[in-house]
Amino acid sequence: MANAIAISLFIGLALVIIILLFLRNKKDEKLINPDAEDAVDELMMNQQRRKDKI
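Source: prediction; values computed, not measured.

Novice: Can you help me understand the overall build of the protein in this one?
Specialist: In terms of regular secondary structure, the protein is built from two helices and zero strands. Counting only carbon and sulfur atoms, one obtains 65% of the accessible surface of the protein, whose full area is about 5400 Å².

Laid out in structure tokens, this is it:
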């Protein structure tokens with residue numbers, strides 16, 4: 001019985017972590033300009049501009 005409870009808690013915790021990571025990833029995707037030719041290049045350019053300001 002204790003094993004079943006422990007397994008249930010472990011699975012529940014794993015699901016919560018997966019959901020939180022998924023939501024965080026969705027939020028990060030919104031920060032990238034989807035209209036850019038290549039979103040990765042656009043992100044790298046923004047990071048380079050920030051470094052140049054410092």
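Novice: What is the right way to read a nonpolar patch on the surface from this model?
Specialist: Together, Ile7, Phe10, Ile11, Leu15, Ile18, Ile19, Phe22 and Leu23 make up a nonpolar patch on the protein surface, roughly 860 Å² of accessible area in all. With respect to the element layout, Ile18 can be found in helix H1 (residues 2-31). The exposure class assigned to Ile18 is exposed, which follows from its relative accessible area of 54%.

Rules of the game
Residues numbered from 1 in each chain as written. Predicted model: local features only at pLDDT ≥ 70, side-chain atom pairs only at ≥ 80, totals over all residues. Heavy atoms only, no water. Helix = DSSP H or I, 4+ residues; strand = E, 2+ residues; numbered from the N terminus. Areas by Shrake-Rupley, 256 points an atom, 1.4 Å probe, with all protein chains shown as cover. Patch = residues over 30% accessible without salt bridge, like charges linked within 9 Å, V, L, I, M, F, W, Y side chains within 5 Å. Salt bridge = Lys/Arg side-chain N within 4 Å of Asp/Glu carboxyl O. Buried < 20%, exposed > 50% of the residue type's maximum accessible area, 1.4 Å probe, protein only.

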